[in-house]
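Single-letter residue listing:
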Amino acid sequence: QVQLVESGGGLVQPGGSLRLSCAASGSIFRIDTSGWYRQTPGNQRELVAIITSAGSTNYADSVKGRFTISRDNAKNTVYLQMNSLKPEDTAVYYCNAGGRTVYFKAYDIWGQGTQVTVSS
């Protein structure tokens, strides 16, 4: 069993920065792809950024140049550095991870979500 625990959300003024963290624990053999998604009330969850085990990244157009996804493989942790935040970045942010357990069973799991509010 694999679990994800997110942290780092909160209230920030427009133009400010936050860093989200997502720590994976449990019977992890490897993490192939990690990502951050966000969701606002009444809308579908949307991709913010993803990173592969090789370090390749992909970003939503709306966050390119402002957000940076990174991972620490030794800590099984993925980060999302968010700079120049805008009110439209306000959402619940969810971490996602996919890979294999030590039993070679595939997993694709979500964190519990962390609220990010950008407001003056």
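Basis of the calculations
- Residues numbered from 1 in each chain as written.
- Predicted model: local features only at pLDDT ≥ 70, side-chain atom pairs only at ≥ 80, totals over all residues.
- Heavy atoms only, no water.
- Helix = DSSP H or I, 4+ residues; strand = E, 2+ residues; numbered from the N terminus.
- Contact = heavy atoms within 4.5 Å.
- Patch = residues over 30% accessible without salt bridge, like charges linked within 9 Å, V, L, I, M, F, W, Y side chains within 5 Å.
- Areas by Shrake-Rupley, 256 points an atom, 1.4 Å probe, with all protein chains shown as cover.
- Salt bridge = Lys/Arg side-chain N within 4 Å of Asp/Glu carboxyl O.
- Buried < 20%, exposed > 50% of the residue type's maximum accessible area, 1.4 Å probe, protein only.
- Phe/Tyr/Trp six-rings, centres within 6.5 Å; stacked < 30°, edge-to-face > 60°.
- Lys NZ or Arg CZ within 6 Å of the ring centre and 35° of its normal.

Q: For this particular structure, what's the right way to read the environment of serine 21?
A: Tracing the backbone through its elements, the reader meets serine 21 in strand S3 (residues 18-26). Taking the C-alpha atoms as reference points, serine 21 and serine 70, 49 residues apart in sequence, are found 9.7 Å from one another. If we skip the residues at most four places from it in the chain, serine 21 touches Val5, Glu6, Ser7, Trp36, Val78 and Tyr79.

Q: Sorry, what's going on with a nonpolar patch on the surface here?
A: Taken together, Phe29, Val102, Tyr103 and Phe104 make up a surface patch of nonpolar side chains, about 480 Å² in accessible area. With respect to the element layout, phenylalanine 104 can be found in the loop between strand S9 (91-101) and strand S10 (106-110). Judged by its relative accessible area of 52%, phenylalanine 104 is exposed.

Q: Can you help me understand the packing of aromatic side chains in this one?
A: Working definition: an aromatic ring pair is given by the centre-to-centre distance plus the angle between the planes. Per the counting criterion, the structure on display carries two aromatic pairs. Taking the centre distance of 5.0 Å and the plane angle of 65 degrees together, the rings of tyrosine 37 and tryptophan 110 count as edge-to-face. Linking tyrosine 37 in strand S4 (residues 28-39) with tryptophan 110 in strand S10, this pair joins segments that are 73 residues apart in sequence. Using a relative accessible area of 38% as the deciding quantity, one classes tryptophan 110 as partly exposed. Above the face of the tyrosine 94 ring, arginine 45 is positioned so that its terminal group lies 3.7 Å from the ring centre.

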